[in-house]
Amino acid sequence: MRIQMTVNGQSREADVEPRLLLVHFLRENLGLTGTKIGCDTSQCGSCVVRMNGSTVKSCTALAVQADGADITTIEGLAADGELHAVQEAFWNKHGLQCGYCTAGMIMTAVELLERNPNPTSQEVRDGLEGNICRCTGYHNIVQAVLAAAEAKGG
């Protein structure tokens, strides 16, 4: 099937198999490897991207379902060479360890802060549910999201 979508501000077209997952299209066809494959069952959140402004787990979305969509991956979050506030906060607050879950955590946190610009610690924890980190224990991740909220004036 022929699909067209905008990925990180660039129009992309390709012929794909109808069963191709969006995560594989992004990683293999477009070379955007920041989106990770962690579980293939929509449990870990490492594959989270934004489609038309909402987060989706790209390991359970077909590329053909993104036909005509506007997709943002972790690679497209920074603008004009400047990290997004959430990316900057993850860096400054050490909200990562191995980094495997980081892109999905950041993409989820961006949407969380759009919906709730001034979350409590518990609201951040609740908002990140569905994203699993096996390394950090979440403390610094939560601190990073709270710092991003503060930096954005939340």
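Described below are features of the structure shown in this document. Everything numeric in this text was worked out from a predicted model, so none of it was measured.

Conventions used here
Residues numbered from 1 in each chain as written. Predicted model: local features only at pLDDT ≥ 70, side-chain atom pairs only at ≥ 80, totals over all residues. Heavy atoms only, no water. Helix = DSSP H or I, 4+ residues; strand = E, 2+ residues; numbered from the N terminus. Buried < 20%, exposed > 50% of the residue type's maximum accessible area, 1.4 Å probe, protein only. Contact = heavy atoms within 4.5 Å. Expected span 1.5 Å × (residues − 1). Arc of directions from axis to C-beta. Pairing = 2+ DSSP bridges.

## Digging into the environment of Ala61
- Tracing the chain through its elements places Ala61 in the loop between β4 (54–57) and β5 (70–72).
- The exposure class assigned to Ala61 is buried, which follows from its relative accessible area of 9%.
- As for Ala61 and Met51, which are separated by ten residues in sequence, their C-alpha atoms are 10 Å apart.
- Ignoring any residue separated from it by four or fewer positions in sequence, one finds Ala61 in contact with Leu21 and Leu22.

## Looking at helix α5 (residues 139–151)
- Between its terminal C-alpha atoms α5 stretches 18 Å, which fits the 18 Å expected from 13 residues at 1.5 Å a residue.
- Buried residues of α5: Ile141, Val142, Ala144, Val145, Ala148 and Ala149, and no others. The buried residues of α5 occupy an angular sector of 160° when the element is viewed end-on, so they sit on one face. Exposed residues on α5 whose side chains face more than 90 degrees from its buried face are Glu150 and Ala151.

## Structural notes on the pairing of strand β3 (residues 48–51)
- Both faces of β3 are covered, namely the face carrying Val48 and Arg50 and the face carrying Val49 and Met51.
- Here β3 runs beside β4; their pairing, made up of four bridges, is antiparallel. What sits directly across from Val48, in β4, is Lys57.
- Linking two consecutive strands that pair antiparallel, namely β3 and β4, is a turn of two residues; a positive phi of about 50° is found at Asn52 within it.
- Here β3 pairs with β5 via two bridges, running antiparallel. For Arg50, the partnering residue across the bridge sits in β5 and is Thr72.

## Focus on unusual backbone geometry
- Non-glycine residue Ser42 carries a positive phi angle of around 70°.
- Looking at the element boundaries, Ser42 is found in the loop between α1 (22–29) and β3.
- The class of Ser42 is partly exposed, set by a relative accessible area of 25%.
- Phi angles above zero are rare outside glycine, and His94 is one such case at about 55°.
- Locating His94 in the fold gives a position in the loop between α2 (85–92) and α3 (102–115).
- We classify His94 as exposed; its relative accessible area is 54%.

## A few points about α1
- Of the residues making up α1, those classed as buried are Leu22, Val23, Phe25 and Leu26. End-on view of α1: buried residues confined to an arc of 165°, all on one side of the axis.
- The inward-facing, buried residues of α1 contact β1 (2–7), β2 (10–15), β3 and β5.
- Gly31 sits one or two residues past α1 and shows a positive phi near 70°.

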